[in-house]
Protein chains: 2
Amino acid sequence: MIDLTHMGRRARLASHKLARASTEQKNHALSKIADALEACADSILSANRIDLDAARAKGASETLIRDRFDLENRMSGMIADVRKVAELPDPVGSVFDQRTLDNGLRVSRRRTPLGVLGVIYEARPNVTVDVATLALKTSNAVLLRGGSEVFESNRVLANIIRDTLTELDLPDIFPVDAVQYIESTDRQYVEQMLRLHQYIDMIIPRGGASLHAFCRENSTIPVITGGLGICHLFVDGSADLDAALPVIFNAKTQRPAVCNSLDTLLVHESVAADFLPRVVEHLSPAGVSFRAEPRALSHLAGAGSVQAAGDGDFDTEWMALILGLKVVNSLDEATEHIRQHSTQHSDGILTRTTEHADRFVDEVDSAAVFVNASTRFNDGSALGLGAEIAVSTQKLHARGPMALEELTTYKWVVIGDNHVRG
Amino acid sequence: MIDLTHMGRRARLASHKLARASTEQKNHALSKIADALEACADSILSANRIDLDAARAKGASETLIRDRFDLENRMSGMIADVRKVAELPDPVGSVFDQRTLDNGLRVSRRRTPLGVLGVIYEARPNVTVDVATLALKTSNAVLLRGGSEVFESNRVLANIIRDTLTELDLPDIFPVDAVQYIESTDRQYVEQMLRLHQYIDMIIPRGGASLHAFCRENSTIPVITGGLGICHLFVDGSADLDAALPVIFNAKTQRPAVCNSLDTLLVHESVAADFLPRVVEHLSPAGVSFRAEPRALSHLAGAGSVQAAGDGDFDTEWMALILGLKVVNSLDEATEHIRQHSTQHSDGILTRTTEHADRFVDEVDSAAVFVNASTRFNDGSALGLGAEIAVSTQKLHARGPMALEELTTYKWVVIGDNHVRG
């Protein structure tokens, strides 16, 4: 029986201590964590093999195992990311909106840690390290709850981080409970965690739509929902069609199982007859198959990889080499389709008409809106944040990729000369 | 039977239209609303009198009626506030973090409306106008749910605003459903509203602790909790005691029933014997009574307005002319007391020692931290925001006073030259 309230209380106490850490101390701690992960590579991979064997015994596909569970090819990247985060600027302590009011009060806002993060994630064990690293860099304590498929890997990774904190021997700055892993796959602990609003300041779910819905329904703590991406590109009548093909190819095929990959291609009627067959021809060799609404289908008679779109196909995040195709009469019809079917994650227009680009950007209310670029750019490192803990599709606090600054809040600092309010 | 889903859907559609309004159009609409409120003063006050009569019949105190329900003395201020909001800068559309990445992608973030606000409030009917005004200024639609005590006042105010929107005769920009009032005091509609995450982007409760807790427990929409303020001032050993008295007086007595008023005074032991009797002498004539822990009490023997602090007194938001008194041995003990008892709303230090001020500001994690100033300054207009829709004591999205910018989110705008991700 795990006492989650006790874990929460310890995390809260740890967060108070972490708030004292200097940027240099935090960067040093991260570098020690990277060293420790390197030194412990063998034990990490042994634990990972236990998870992989169990997954195989349960019949998991080799694709799933390779893409999600296996750490072997991800170890060096994971460790390099820890060192990279150490090099990023520390947002904590930075001051903004500084000014002196007419009455002489000096007012500013200062960035502070959120306090305690609760992160609930599925599959990829490197998330354990990514999240702990970003939390420590921003002086936040973290409660981690990983997926059952890589339980052993997660446990070993969390323990290496905790052991490193212990070895730093600065318990008043880096208490071991700054990083805590819930060592059980029992779902009841997720439910308990979601109600620890006394101790946890933000819940970040990382996983599928059902995890996000579960958190939204059951949490008394603010939840960053996101991750689900039904993403669109609209090929305007004025698009550079030759240039559009590689953008569409990249958006669909570069990593089809991630949230910013393309799900639906909307094509203006004026270029549909010419362009749709070229899309099918260009993407089919990569294994892409297509779901076309009737008008799009009419331009694609006989193409083997094309079938008629079914009910709900335009409301599906494919996560696979499948692409929806639809012909639209106008920019308005394109933005209206996006309004109805997009998850407001990543949507774009391919056009050479500035006015159309501007209207699309104005009217499409998604976390990231693209003009003549692949939707795949919607993540923290691709947009210049240097890291990413999640991609938010809700509108509070942060929208789109979240990195270090998005793990902070601020306090108002008001300095007076014994000012009283009139 | 009110169909709240239908109201939510109409609000969402209205928000899409409102997003097209220019700053000039919005300011014009606000000025028309102010005109209409002026023109309809009689009918507003008649409706208000119905509420006041009903409140008196139910035995509400005249103080409560005057402070919370009565619009008579508040009308001109309420209307002036609408005109003031029209003059504030419009955050919607402003661009920040604009930069060109190494690969040539032009990335920026653009402020956009949140979409639909859900505001649940108690008592003061002017909130109906305040909230609708701030929502319209930021191109947000709003669902309003007011308190039962001023139901008639709220209904008339909401209808005047809706009629003005109709008279603008720009239904594609200012649809009447941009402002909707739930015309029922049945609690079931609050519960239904809290689950309309498909249509509402942010819930702002304005009321007591139980309303905030109810929203946090039952909402599937992000909630801005706040409002509850157990506020502290710490009189350091080096404080200018003569100057401290008026600050304490102001923080406690200027408006005792609001959230940023002072609840507990912590006094350093080195000045307690001298200063505590002066505090009692200075504040008693204004009707303040005191709850002192034993050590503070020992310095105040015989003062009629002083009694021993009981269990929970230091965890009480007084909302009245009562002040807790406690002697502490050190700055550390003061910050530790604040950590344990503060609601992280407004806490301050009175000191002439810069190092102590800095440590206090570093270690006290409250929405607003004050040095040599009254806690009463923690609101939107006093801190230079020009308005206020709520004071947040949670840490996501906004902390402390929330005004126009806090009613917006942003979208990432990414412009490329047919960029693909490598």
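Residues numbered from 1 in each chain as written. Chains lettered and ligands numbered in written order. Predicted model: local features only at pLDDT ≥ 70, side-chain atom pairs only at ≥ 80, totals over all residues.

**Thoughts on the overall build of chain A**
Phase 1: The secondary structure content of chain A amounts to 14 helices and 16 strands.
Phase 2: Relative to a compact globule of 422 residues, whose C-alpha radius of gyration would be 22 Å, chain A shows 24 Å and is just as compact.
Phase 3: With the C-alpha coordinates aligned to their principal axes, the bounding extent of chain A is approximately 70 × 70 × 35 Å.
Phase 4: Looking at the 422 residues of chain A, the share that counts as buried comes to 53%. (Helix = DSSP H or I, 4+ residues; strand = E, 2+ residues; numbered from the N terminus. Rg over C-alpha atoms; globule rule 2.2 N^0.38 Å. Buried ≥ 20, exposed ≤ 12 C-beta atoms within 10 Å, placed from the backbone.)

**Regarding the relation of the copies chain A and chain B**
Phase 1: The transform that puts chain A on chain B rotates by 180 degrees and translates by 0.0 Å along the axis, for an RMSD of 0.0 Å. When the rotation and shift are considered jointly, the pair of chain copies conforms to a two-fold rotation axis. Closest to the rotation axis within chain A is the C-alpha of H397(A), separated from it by 1.7 Å.
Phase 2: Looking at chain A, 100% of its interface residues are interface residues in chain B too, so the copies touch through the same face. (Least-squares fit on C-alpha atoms with pLDDT ≥ 70 in both. Contact = placed C-beta atoms within 7 Å.)

**Some words on the interface of chain A and chain B**
When the parts come together, some accessible area is lost, and that loss is often what is quoted as the size of the interface.
Phase 1: Facing the 55 residues of chain A at the interface are 55 residues of chain B.
Phase 2: For the side of chain A that touches chain B, the secondary-structure elements that each account for two or more residues are strand 2 (106-113), helix 9 (209-218), helix 10 (241-253), strand 13 (368-373) and strand 16 (408-419) of chain A.
Phase 3: The dominant element in the side of chain A that touches chain B, judged by the number of residues it contributes, is strand 16 of chain A, at eleven residues.
Phase 4: Grouping the amino acids of the side of chain A that touches chain B by side-chain chemistry returns 26 nonpolar, 17 polar and twelve charged.
Phase 5: Pairing of strand 16 of chain A with strand 13 (residues 368-373) of chain B involves five bridges; the strand directions are parallel. Bridged to I415(A) within strand 13 of chain B is V371(B). (Nonpolar A, V, L, I, M, F, W, Y, C, P; charged D, E, K, R; others polar. Pairing = 2+ DSSP bridges.)

**Looking at the sheet that holds strand 1 (residues 95-100) of chain B**
Phase 1: Reading across the sheet, the ten strands line up as 10(A)-9(A)-11(A)-8(A)-7(A)-12(A)-13(A)-16(B)-2(B)-1(B) and stay open at both edges, with mixed pairing between neighbours. Sheet topology places strand 10 (306-308) of chain A together with strand 1 of chain B at the edges, where each strand pairs with a single neighbour. Along the sheet, successive strands turn relative to each other by an average axial angle of 25 degrees, direction set aside.
Phase 2: The sheet contact formed by strand 2 (residues 106-113) of chain B and strand 16 (residues 408-419) of chain B spans eight bridges and is antiparallel. Within strand 16 of chain B, the residue paired with P113(B) across the bridge is T408(B).
Phase 3: Each of strand 7 (231-235), strand 8 (262-268), strand 9 (289-292), strand 10 and strand 11 (322-328) of chain A touches helix 11 (residues 269-283) of chain A; the most contacted strand, strand 8 of chain A, lies at about 145 degrees to it. (Axes fitted to C-alpha atoms, helices over the stretch in contact; angles between N-to-C directions.)

**Focus: the pairing of strand 11 (residues 322-328) of chain B**
All names here are of chain B.
Phase 1: Most of strand 11 is tucked away: six of the seven residues are buried.
Phase 2: Relative to strand 11, strand 8 (residues 262-268) runs parallel, the two sharing five bridges. Counterpart to H268 in the pairing with strand 11 is V328.
Phase 3: In this structure, strand 9 (residues 289-292) lies alongside strand 11, joined through four bridges in parallel fashion. Residue A292 lies in a different strand from strand 11, and its bridge partner there is L325.

**Side note on the domain arrangement of chain A**
Phase 1: Each assigned domain of chain A is listed here: domain 1 (4-225 + 394-414) and domain 2 (231-377).
Phase 2: Of note, the centres of domain 1 of chain A and domain 2 of chain A, computed from C-alpha atoms alone, are 35 Å apart. (Domains from an automatic or database assignment.)

**Re the pairing of strand 8 of chain A**
Residues and elements named next belong to chain A.
Phase 1: Most of strand 8 sits inside the fold, with seven of its seven residues counted as buried.
Phase 2: The sheet contact formed by strand 7 and strand 8 spans five bridges and is parallel. Bridge assignment links F234 to a residue of strand 8, and that residue is L266.
Phase 3: At this point the chain moves from strand 7, through helix 10, to the parallel strand 8, and the crossover so formed is right-handed. (Right-handed = clockwise from strand over helix to strand, strands pointing away.)

**Comments concerning the confidence of the model for chain A**
Regions with low pLDDT carry predicted coordinates that are not meant to be interpreted in detail.
Phase 1: A residue-level look at chain A finds 100% of positions with pLDDT of 70 or above and a mean pLDDT of 96.
Phase 2: What the predictor reports for the complex is a pTM of 0.94 with an ipTM of 0.95. (pLDDT = per-residue confidence, 0-100.)

**Focus: the environment of N418(B)**
Phase 1: Here N418(B) is to be found in strand 16.
Phase 2: Through-space distance from the C-alpha of N418(B) to that of T133(B) is 42 Å; in sequence the pair is 285 residues apart.
Phase 3: Those residues in contact with N418(B) that lie beyond four places of it in its chain are D240(A), A243(A), V247(A) and N372(A).

**With respect to helix 11 of chain A**
Owing to its 3.6 residues per turn, the α-helix brings residues three or four apart onto one side.
Residues and elements named next belong to chain A.
Phase 1: Over its 15 residues, helix 11 runs 20 Å from end to end, which matches the ideal 21 Å to within 8%, given 1.5 Å per residue.
Phase 2: At F275, helix 11 shows its largest bend, some 45 degrees, and a proline, P277, comes one to four positions later.
Phase 3: Those residues of helix 11 not exposed but buried are A272, F275, L276, V279, V280 and L283. (Expected span 1.5 Å × (residues − 1). Bend = angle between axes of the 7 residues up to and from the residue.)

**Here's the deal with the packing of helix 5 (residues 75-87) of chain A against helix 6 (residues 126-137) of chain A**
Residues and elements named next belong to chain A.
Phase 1: Following both chains from N to C, one finds helix 5 and helix 6 inclined at 10 degrees, their axes separated by 10 Å at the closest point. With respect to each other, helix 5 and helix 6 are oriented roughly parallel. Residues M78, D81, V82 and V85 of helix 5 form the contact with helix 6, whose participating residues are N126, V129, D130, T133, L134 and K137. (Parallel < 35°, antiparallel > 145°, perpendicular 65-115°, else oblique.)

**Points about the nonpolar core**
Phase 1: Among the nonpolar cores identified, the biggest contains 248 residues, and V142(A), V235(A), L265(A), V142(B), V235(B) and L265(B) are the most heavily contacted of them.
Phase 2: In this view, V142(A) contacts L117(A), V119(A), V131(A), A132(A), A135(A) and V179(A); residues no more than four positions away in its chain are not counted. (Core = buried A, V, L, I, M, F, W, Y, C linked by C-beta atoms within 7 Å.)

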